[in-house]
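# Understanding the architecture of this molecule
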Amino acid sequence: QVQLVESGGGLVQAGGSLRLSCAASGHTFRSYAMGWFRQAPGKEREFVAYINWSGGYTYYADSVKGRFIISRDNAKNTVYLQMNSLKPEDPAVYYCGRNLQDIARMGGYDSWGQGTQVTVSS
């Protein structure tokens with residue numbers, strides 16, 4: 001059974017940084033691409049970042065490109081999201097997911113964590 005557990009969320013001032021982690025278990029982590037999505041209150045869950053199985057290819061939503069960095073450590077079965085220069089529009093619950101196909105669509109992911117809350121104060 002695939003299990004994904006996010007951590008690292010919290011309250012940060014605008015312009016600050018946070019690093020989210022997603023620890024995976026129950027499957028061969030290094031065989032799968034992973035992604036991060038976020039969902040703000042009253043909004044649909046939206047794509048944030050993607051990383052392929054080896055970490056050699058990454059892809060970002062335009063809204064976070066140049067500010068966020070996705071990475072992974074296959075020895076630790078963990079994917080990370082380094083968030084820099086946080087803006088007032090970034091607060092949301094952030095989720096990691098296991099990717100099977102479409103990179104930027106929820107339907108391309110078959111497993112999700114419970115999410116971690118990110119709050120940005122202005």
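Our structure is the block above this text.
Residues numbered from 1 in each chain as written. Predicted model: local features only at pLDDT ≥ 70, side-chain atom pairs only at ≥ 80, totals over all residues. Heavy atoms only, no water.

Along the protein chain, the regular secondary structure elements total zero helices and 11 strands. Its helices and strands taken in sequence order, the protein chain reads β-β-β-β-β-β-β-β-β-β-β from the N to the C terminus. The C-alpha radius of gyration of the protein chain comes to 13 Å, within 12% of the 14 Å expected for a compact globule of 122 residues. Considering only residue pairs separated by 6 or more positions, the protein chain has 55% of its internal contacts joining residues 24 or more positions apart. With 12 positive and 9 negative side-chain charges, the protein chain shows a spacing of 5 Å between the two charge centroids. (Helix = DSSP H or I, 4+ residues; strand = E, 2+ residues; numbered from the N terminus. Rg over C-alpha atoms; globule rule 2.2 N^0.38 Å. Contact = heavy atoms within 4.5 Å. Lys, Arg positive; Asp, Glu negative; His and termini not counted. Charge placed at Lys NZ, Arg CZ, Asp CG, Glu CD.)

Before going further, it helps to examine unusual backbone geometry. The phi torsion at Asn-77 lies on the positive side, around 55°, for a residue other than glycine. Residue classification places Asn-77 among the partly exposed positions, given a relative accessible area of 27%. In this structure, Ser-85 takes a positive phi of about 50° despite not being glycine. Relative to the elements of secondary structure, Ser-85 occurs in the loop between β8 (78-83) and β9 (92-99). Judged by relative accessible area, Ser-85 falls into the partly exposed class, the value being 40%. (Buried < 20%, exposed > 50% of the residue type's maximum accessible area, 1.4 Å probe, protein only.)

So, about the sheet that holds strand β3 (residues 18-25). With respect to topology, four strands assemble into an open sheet ordered β1-β3-β8-β7, the strand pairing being antiparallel. Edge positions in the open sheet fall to β1 (3-7) and β7 (68-73), since each of these has one partner strand only. For this sheet the average axis-to-axis angle between neighbouring strands, irrespective of direction, equals 15°. Two elements, β7 and β8, share six bridges in a ladder whose sense is antiparallel. Within β8, the residue paired with Asp-73 across the bridge is Thr-78. (Pairing = 2+ DSSP bridges. Axes fitted to C-alpha atoms, helices over the stretch in contact; angles between N-to-C directions.)

Turning our attention to the state of the cysteines. In total, this model carries one disulfide according to the counting rule given. A sulfur-sulfur separation of 2.0 Å characterises the disulfide bridge that pairs Cys-22 with Cys-96. On the sign convention where negative is left-handed, the bridge of Cys-22 and Cys-96, at about 55° about the S-S bond, is right-handed. On the criterion of sequence distance, the pair formed by Cys-22 in strand β3 and Cys-96 in strand β9 is long-range, its members being 74 residues apart. Considered together, Cys-22 and Cys-96 belong to a single accessibility category, that of buried residues. (Disulfide = S-S within 2.5 Å.)

This brings us to the nonpolar core. Membership of the largest hydrophobic core comes to 31 residues, with the highest contact counts inside it found for Trp-36, Leu-81, Met-83 and Tyr-94. No other element matches the five residues that strand β5 (residues 46-51) contributes to this core. Apart from residues lying up to four places away in sequence, Leu-81 is in contact with Leu-18, Arg-19, Leu-20, Trp-36, Val-48, Ala-49, Phe-68, Ile-69, Ile-70 and Tyr-94. (Core = buried A, V, L, I, M, F, W, Y, C linked by side-chain atoms within 4.5 Å.)

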